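What follows is each chain in one-letter form.
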Amino acid sequence: MLYPEGVLIDGMTGAVTPETGRYSKRLSGLAGIFQDSSAFERAIFDEADPLVYEVIDYRKPDSDLFFGTTTMQPGKVGVEYYMTRGHFHERRDRGEAYYTQSGVGLLLLESRAGETRSVAMCPGVCAFIPPDWAHRSINTGREKLVFAWFCATDAGHDYGQILQRGMRKLVVEQNGEVAITDNPNFRT
Ligand SMILES: [Fe+2]
């Protein structure tokens, strides 16, 4: 039987107490998602394979719901800001919520039919991610971006499609500003 529990989420550090699992992504684990492959190789070498993001979760066996935090470091590869891999859910009827706690970023979304949307991520904004929209978060600021997420345990992750063809839009720094541009290498 499952029992209720209060879980402490630290909105500055992303710590989850108690936590049940975590993983981290260094830049070398994100091969293929950035456009500028020489900038990518250079950043791994020059910055000693920097940490890009860390995911910490609270997940109870047999529960229908789980949640946790993602903490993204600030940084860029070429003109593109640090981003997550991006995914659809395996189950097409499962959405998610991302509640930003600190930092600033952009949540880039793409429907199965190819429509693009973005939601600004800043403290206090809870982004609704409808079922069957791919989602990728991007830290466009100079501080850590920390957000809490809440999802069905059976949603599943489908990373393959975004990894293979990319997303239709890129989030880049252009003249010192955050800009959303077309991805010239997008493959349908
Ligand atoms: Fe998700």
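Preceding block: the structure.
Residues numbered from 1 in each chain as written. Predicted model: local features only at pLDDT ≥ 70, side-chain atom pairs only at ≥ 80, totals over all residues. Heavy atoms only, no water.

Draft legend 1. A look at the coordination of the iron ion. Only His87 (NE2), His89 (NE2), Glu96 (OE) and His135 (NE2) from the protein reach the iron ion as donors, at distances of 2.0 to 2.2 Å. Taken together, the 4 donor atoms coordinating the iron ion and their angles of 84 to 163° define a geometry best described as irregular. Mapping the donors of the iron ion onto the primary sequence gives the spacing H-x1-H-x6-E-x38-H. Of this pair, histidine 87 sits in the loop between β7 (80-81) and β8 (88-89) while histidine 135 is found in strand β13 (residues 133-139), placing the two residues 48 residues apart along the sequence. Judged by its relative accessible area of 7%, histidine 87 is buried. Exposure remark for histidine 135: the relative accessible area of 2% places this residue in the buried category. (Donors = N, O, S within 2.8 Å, 3.2 Å for Na, K, Ca; no water. Tetrahedral: all angles 85-135°; square planar, octahedral: opposite > 155°, others 65-115°. Helix = DSSP H or I, 4+ residues; strand = E, 2+ residues; numbered from the N terminus. Buried < 20%, exposed > 50% of the residue type's maximum accessible area, 1.4 Å probe, protein only.)

Draft legend 2. Region of the structure containing the sheet that holds strand β11 (residues 116-121). Within the open sheet, the 3 strands sit side by side as β11-β10-β13. Their pairing is antiparallel. In this open sheet, the two edge strands, each paired with only one partner strand, are β11 and β13. Along the sheet, successive strands turn relative to each other by an average axial angle of 20°, direction set aside. Sheet analysis places strand β10 (residues 105-111) next to β11, joined by 6 bridges and oriented antiparallel. When the bridges of β11 are listed, leucine 106 appears paired with alanine 120. (Pairing = 2+ DSSP bridges. Axes fitted to C-alpha atoms, helices over the stretch in contact; angles between N-to-C directions.)

Draft legend 3. Summary view of the nonpolar core. Counting residues in hydrophobic clusters, the biggest one holds 37 residues, and the most contacted among them are Leu27, Phe34, Val77, Tyr98, Leu107 and Phe147. Of all the secondary structure elements, the ones that give two or more residues to this core are α1 (37-46), β4 (51-58), β5 (65-72), β10, β12 (126-129), β13 and β14 (145-152). When neighbours within four sequence positions are excluded, phenylalanine 34 is seen to be in contact with Leu27, Phe40, Val77, Glu80, Tyr81, Tyr82 and Met83. (Core = buried A, V, L, I, M, F, W, Y, C linked by side-chain atoms within 4.5 Å. Contact = heavy atoms within 4.5 Å.)

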